[in-house]
Amino acid sequence: MNGAATLGENMADNVGVRLALRAYEYHAAARDGGVDEAADGAKWAGLDKFSARQVFFLSYAHSHCGAHTERAAVDQLLTDSHSPMRWRVAGSLANDDHFSEAFNCPAGAPMNRPQKCRLW
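Residues numbered from 1 in each chain as written. Predicted model: local features only at pLDDT ≥ 70, side-chain atom pairs only at ≥ 80, totals over all residues. Heavy atoms only, no water.

Quick look at the overall build of the protein
Defined as follows: A run of H or I in DSSP becomes a helix once it reaches four residues, and a run of E becomes a strand once it reaches two; helices and strands are each numbered from the N terminus. Remark: exposure states derive from per-residue accessible area (1.4 Å probe, protein chains only) relative to the maximum for the residue type, with buried under 20%, exposed over 50%, and partly exposed in between. Residues are treated as being in contact if the distance between any of their heavy atoms lies within 4.5 Å. Using a 1.4 Å probe, accessible areas were evaluated by the Shrake-Rupley method; residue-level cover was limited to the displayed protein chains.
Each helix and strand in the protein was counted, giving five helices and zero strands. Secondary structure elements of the protein occur, N-terminal to C-terminal, as α-α-α-α-α. Scored against the burial criterion, the 120 residues of the protein give a buried share of 31%. Counted over contacts in the protein with a minimum sequence separation of 6, partners at least 24 positions apart contribute 54%. Entry remark: accessible area of the protein is about 7,900 Å², with carbon and sulfur atoms responsible for 57%.

Points about a nonpolar patch on the surface
In plain terms, the rule: Two joining distances apply to patches: 9 Å for like charges and 5 Å for nonpolar side chains (Val, Leu, Ile, Met, Phe, Trp, Tyr), and every residue must have over 30% relative accessible area and no salt bridge. The salt bridge definition used is simple: a Lys or Arg side-chain nitrogen within 4 Å of an Asp or Glu carboxyl oxygen.
A cluster of nonpolar side chains, M1, V74, L77, L78 and W87, forms an exposed patch at the surface whose accessible area comes to about 530 Å². Residue placement: M1 occurs in the segment before α1 (3–32). Its relative accessible area of 57% is what places M1 among the exposed residues.

Here's the deal with the packing of aromatic side chains
Spelled out, the test is: Centre distance within 6.5 Å is the pairing criterion for rings of Phe, Tyr and Trp, where only the six-membered ring of Trp is used; planes under 30 degrees apart are then read as stacked, over 60 as edge-to-face, and the remainder as tilted.
In this structure the tally under the stated criterion is four aromatic pairs. For the pair F99 and F103, a centre-to-centre distance of 5.0 Å together with 40° between the ring planes defines the contact as tilted. Take F99: its relative accessible area is 10%, and that puts it in the buried class. Through a chain of ring-to-ring contacts, the aromatic side chains of Y24, F56, F57, F99 and F103 assemble into a single cluster.

Structural notes on the pattern of salt bridges
Applying the stated criterion to the full structure yields five salt bridges. K116 serves as the salt-bridge partner of D97, at 3.7 Å between the closest nitrogen and oxygen. Taken together, the positions of D97 in helix α5 (residues 97–102) and K116 in the segment after α5 put the pair 19 residues apart, joining distant regions of the chain. Its relative accessible area of 23% is what places K116 among the partly exposed residues.

A short note on the nonpolar core
For clarity, the threshold we go by: By convention a nonpolar core is built from buried Ala, Val, Leu, Ile, Met, Phe, Trp, Tyr and Cys residues, the set being connected through side-chain atoms within 4.5 Å.
Counting 10 residues, the largest nonpolar core is built from V17, L21, F56, F57, Y60, V89, L93, F99, A102 and C105. Elements with a minimum of two residues in this core: α1, α2 (52–63), α4 (85–94) and α5. Among the elements that line this core, the one with the most residues is α2, at three residues. Leaving out residues up to four positions away in the same chain, F56 has contacts with V17, A20, L21 and Y24.

A word on the confidence of the model for the protein
Put simply, the rule reads: pLDDT measures the predictor's confidence residue by residue and takes values from 0 up to 100.
Predicted confidence across the protein gives a mean pLDDT of 84, with 86% of residues reaching 70 or more. Within the protein, α5 carries the highest mean pLDDT (94), whereas helix α3 (residues 70–79) carries the lowest (85).

Remarks on unusual backbone geometry
With a phi close to 50°, N104 is a non-glycine residue in the positive phi region. Following the sequence through the fold, N104 ends up in the segment after α5.

The structure is reproduced here in structure tokens:
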């Protein structure tokens, strides 16, 4: 993967997930006073054991799920300005304090980097 080619999109993913969480929490607070309760609709989806914030992050990760052939993966690495889906999720969320707090990731764990890259 060419980090120089994907840097702009990696930064956008980092900022985007942070702003999306802020917007979600603002909306939830305005609607029902907060997001500490289990997310609406979580029970039917089998997600009622997760907090609303955890469901937010699971949904973000799910939005980047996909499969592709080996040839398509190679083509993406050579030509696309986006990192592969797995790294778009892992990279953004490992840089987010809210994620590591929501899932109680121990300090220094792969998804709770000691030094996070935060732009805004």
